Amino acid sequence: MKAMILKAANTPFDFETFPDPAPEPGEAVARVLACGSGLTIQHVKAGRLPAEFPRIIGHEITGEIVEIGAAVTGLKVGDPVTAYYYLNCGHCRWCHSNLEPLCENTGGNVGKNCDGGYAEYIKLPANIFIKLPEGLDYKAHPAEIGVITDAIATPVKVLRRAQVKAGETVAVFGAGGGIGVHMLMLARWARTRVIAIDISADKFGACREAGADEIIDASEDNVAEALLDLTGGDGVDVVIDFVSAASTLEAGAEALGRCGRLVTLGGTGETFQADAHAMLHKEQDLLGSRYVTRSEVLDALKLVARGDIWPMVTDIRPLEEAEALHERLENGAVTGRAALLIG
Ligand SMILES: [Zn+2]
């Protein structure tokens, strides 16, 4: 098979030919039709996230099962699939509690600790494949279907984590980013008032298209003041921070209203300050959100299948152009999501 391989962090891809993978017992192999190119894997490529090399990266796949190993049940040749990102154990209390991202025996991630989707074929433990539900035209739109596991499932999870209710005000930091615009879509879908916050004016059009009612340019405005102004001084109900720098987290916490919830995800893990007095008197919650569960992936796939949401994928290229596409990702030039067509 042909594959894009990284020999080390912060190096260009090599386009090489490898033997087709064969499944061991408990594994399955899928032909890859498309694979999403998100920031997470660009962080791996650039050496900002640890991974084992050499490595074929990529996990947001659309594929079709072509071979199953011994003792595999629940999958058959021809099944359309995507992949779960975490190589979770399936047996610990967290896996049994529908909280697989918190698995205490995790084997790491697809495309980081085992080879991923930037190849004609991908071999994974069978339980990592997630069968696509009926109603998704994955053959016509493999790129869009592939990114659902992250771009749509993550916002679905955040809506639940923050218990977002219709009529509330939701402010999104990093709204112009690949997941940010989809968070706006899902917040609109959840019938909230949606405020987008970003520093890239060239992404504001996409933010409006995705569902933002208002936009705050964080490169010009004091964001906390702007959020308080927009809410008549009450503060917002939910802040979702995909940037999660100390400055954005502190602005978000400052702008929270009564029963406000601040959700952090993404970012590099900075320490920030919040006002304990405000948290107590306004009964506010500070929340972390880590990836998604399999059931949230299935829920996201079904939302797309029934036409409620459609992923914004603006840059779709052949596998051979992975290097050029990742250069655009590194420079923040991609609006919405990007993906590679493979099979
Ligand atoms: Zn586990």
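These figures come from a predicted structure and were not determined experimentally.

Colleague: Describe the coordination of the zinc ion, and please don't skip the residues or the numbers.
Modeller: At the metal site, the zinc ion is ligated by Cys89 (SG), Cys92 (SG), Cys95 (SG) and Cys103 (SG), and these contacts range over 2.3 to 2.4 Å. Geometry at the zinc ion is tetrahedral, judged from its four donor atoms and the angles of 101 to 116° they form at the metal. Between consecutive donors of the zinc ion, the numbers of intervening residues give the motif C-x2-C-x2-C-x7-C. In this pair, Cys92 sits in the loop between β5 (80-83) and α2 (93-96) while Cys103 sits in the loop between α2 and β6 (121-125), placing the two residues eleven residues apart along the sequence. In terms of burial, Cys92 and Cys103 fall into one category: buried.

Colleague: Can you explain helix α3 (residues 142-161)? Please cite residues and give values.
Modeller: Working note: α-helix, 3.6 residues per turn, so residues spaced by three or four point in the same direction. Relative to the 28 Å expected for 20 residues at 1.5 Å per residue, α3 spans 29 Å between its end C-alpha atoms, a close match to the ideal helical length. Largest kink in α3: about 60°, centred on Ile148. The buried count for α3 comes to 18 of 20 residues, which makes it a mostly enclosed element. Looking one or two residues past α3, Gln163 carries a phi angle of roughly 50°, positive in sign.

Colleague: So what's going on with the pattern of salt bridges? Which residues, and what values?
Modeller: Evaluation of the coordinates by the stated rule reveals 23 salt bridges. For the salt bridge of Asp14 with Lys7, the shortest nitrogen-to-oxygen distance reads 3.2 Å. One salt bridge connects Glu323 with Lys45, and the closest N-O pair in it is separated by 3.0 Å. Separated by 278 residues along the polypeptide, Glu323 in helix α10 (residues 322-330) and Lys45 in helix α1 (residues 39-45) bring together distant segments of the chain. Taking relative accessible area as the criterion, Lys45 reaches 8% and is therefore assigned buried.

Reading the values: rules and limits
- Residues numbered from 1 in each chain as written.
- Predicted model: local features only at pLDDT ≥ 70, side-chain atom pairs only at ≥ 80, totals over all residues.
- Heavy atoms only, no water.
- Donors = N, O, S within 2.8 Å, 3.2 Å for Na, K, Ca; no water.
- Tetrahedral: all angles 85-135°; square planar, octahedral: opposite > 155°, others 65-115°.
- Helix = DSSP H or I, 4+ residues; strand = E, 2+ residues; numbered from the N terminus.
- Buried < 20%, exposed > 50% of the residue type's maximum accessible area, 1.4 Å probe, protein only.
- Expected span 1.5 Å × (residues − 1).
- Bend = angle between axes of the 7 residues up to and from the residue.
- Salt bridge = Lys/Arg side-chain N within 4 Å of Asp/Glu carboxyl O.

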